[in-house]
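# Commentary on secondary and tertiary structure
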Amino acid sequence: MFFNGVLEQTIKKIKTQLANVLTLTNIFLGSFAIIYSLKGHLQLSLLLIFIAALADRLDGMTARKFNIESELGKQLDSMSDIISFGVAPALLVYQGVLFELGAPGSFFTVLYIVCGAFRLARFNITESHGFFTGLPITAAGCILTFSCLWFAFMPPHIYLFLMLILSVLMIGSFKWRKI
């Protein structure tokens, strides 16, 4: 009997922290993606961002499945999203092509990060009720990261335009249904 009680408590504790562990995995992967981008290992950075997206998806699913959504988890998720889908993809694109454009490349890199942070802050203070307002930073970061597969085929100016469009979409006021 004692063993069953201890086992149940342990399983309960693991369930309550599983979503946070997945969120921290997301931050971990996004942080390494930044480091590898700065070192010039762009393909590895790209891979780490996509794995971070998987961890982000799993943390939300886990929190809902075990009914362990919390304010701490929501804030932690936003912090991980700005790292993995804001800073990491922006630096990946900057290191890959935008550095060639000088000040405009730097400006649009920072603009993307700032708009992503604004979008996350707005998300954290509003009730969503099954809708997103603006493009989620996770989607924007995945689109930007996916576009890196065409560095060799697209001119750098296309990336400026893409970052501008994604930035505007993230801070836009349009609503669309969560999937």
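Notes on the structure in this doc start here. Owing to the predicted nature of the structure, the values given are computational and were not obtained by experimental measurement. (Residues numbered from 1 in each chain as written. Predicted model: local features only at pLDDT ≥ 70, side-chain atom pairs only at ≥ 80, totals over all residues. Heavy atoms only, no water.)

## Brief notes about the overall build of the protein
- Looking only at helices and strands, the protein features six helices and two strands.
- Walking the protein from its N terminus toward its C terminus, one meets helices and strands in the order α-α-α-α-β-α-α-β.
- Sorting the 179 residues of the protein into buried and exposed places 43% on the buried side.
- Looking at the protein alone, contacts between residues at least 24 apart form 79% of all its contacts between residues at least 6 apart. (Helix = DSSP H or I, 4+ residues; strand = E, 2+ residues; numbered from the N terminus. Buried < 20%, exposed > 50% of the residue type's maximum accessible area, 1.4 Å probe, protein only. Contact = heavy atoms within 4.5 Å.)

## A closer look at the packing of aromatic side chains
- Within the structure shown, the criterion is met by five aromatic pairs.
- Following the ring pairs from residue to residue traces out a cluster consisting of Phe28, Phe32 and Tyr36.
- Over the face of the ring belonging to phenylalanine 123 we find lysine 74, whose NZ or CZ atom lies 5.5 Å from the ring centre. (Phe/Tyr/Trp six-rings, centres within 6.5 Å; stacked < 30°, edge-to-face > 60°. Lys NZ or Arg CZ within 6 Å of the ring centre and 35° of its normal.)

## Topic: the packing of helix H3 (residues 71-96) against helix H4 (residues 103-125)
- One way to put it is that H3 packs onto H4 with a least axis distance of 10 Å and a crossing angle of 165°. Taken as axis vectors, H3 and H4 run roughly antiparallel relative to one another. Pair H3 / H4 crosses with right-handed handedness. Contacts from Lys74, Gln75, Ser78, Asp81, Ile82, Phe85, Gly86, Val87, Ala90 and Tyr94 of H3 reach H4 at Gly105, Ser106, Thr109, Tyr112, Ile113, Gly116, Ala117, Leu120, Phe123 and Asn124.
- Each residue belonging to the contact of H3 with H4 can be placed in one class, and the counts come to 10 nonpolar, eight polar and two charged. (Axes fitted to C-alpha atoms, helices over the stretch in contact; angles between N-to-C directions. Parallel < 35°, antiparallel > 145°, perpendicular 65-115°, else oblique. Left-handed = near helix turned anticlockwise from the far one by under 90°. Nonpolar A, V, L, I, M, F, W, Y, C, P; charged D, E, K, R; others polar.)

## Structural notes on the packing of helix H2 (residues 42-65) against helix H5 (residues 137-147)
- Two elements in contact, H2 and H5, have axes whose closest approach is 10 Å; the angle formed by their N-to-C orientations is 155°. Put simply, H2 runs roughly antiparallel to H5. Where H2 crosses over H5, the two elements pack in a sense that is left-handed. Every residue of H5 that contacts H2 at Leu46, Ile49, Phe50, Ala53 and Asp56 is listed here: Thr138, Cys142, Thr145 and Phe146.
- Class assignment of the residues belonging to the contact of H2 with H5 gives a composition of six nonpolar, two polar and one charged.

## Section: the nonpolar core
- One finds Val93, Leu98, Tyr112, Leu144, Met163, Leu166 and Met170 to be the most contacted residues of the largest nonpolar core, which totals 35 residues.
- Of all the secondary-structure elements, those providing two or more residues to this core are helix H1 (2-38), H2, H3, H4, H5 and helix H6 (156-171).
- At seven residues, the largest contribution of residues to this core is made by H3.
- Not counting residues within four places of it along the chain, the set of residues in contact with leucine 166 comprises Tyr112, Leu135, Ala140, Ile143 and Leu144. (Core = buried A, V, L, I, M, F, W, Y, C linked by side-chain atoms within 4.5 Å.)

## A word on H4
- Taking 1.5 Å of rise per residue, the 23 residues of H4 would be expected to cover 33 Å, and the 33 Å separating its terminal C-alpha atoms lies within 8% of that figure.
- For H4, the full list of buried residues reads Gly105, Phe108, Thr109, Tyr112, Cys115, Gly116, Arg119, Leu120, Arg122 and Asn124.
- As for H4, its buried residues are in contact with H3, strand E1 (131-133), H5 and H6. (Expected span 1.5 Å × (residues − 1).)

## Here's the deal with the environment of isoleucine 137
- Along the polypeptide, isoleucine 137 turns up in helix H5.
- Separated by 33 residues in sequence, isoleucine 137 and methionine 170 have C-alpha atoms that sit 6.6 Å apart.
- Among all residues touching isoleucine 137, those that are not within four sequence positions of it are Asp81, Ile82, Phe85, Gly86, Tyr112, Gly116, Arg119, Leu120 and Met170.

## Some remarks on H3
- The terminal C-alpha atoms of H3, which comprises 26 residues, lie 36 Å apart, in line with the 38 Å expected from a rise of 1.5 Å per residue.
- Aspartate 81 marks where H3 bends most, by close to 25°. (Bend = angle between axes of the 7 residues up to and from the residue.)

Honestly, it's all geometry; don't read function into it.
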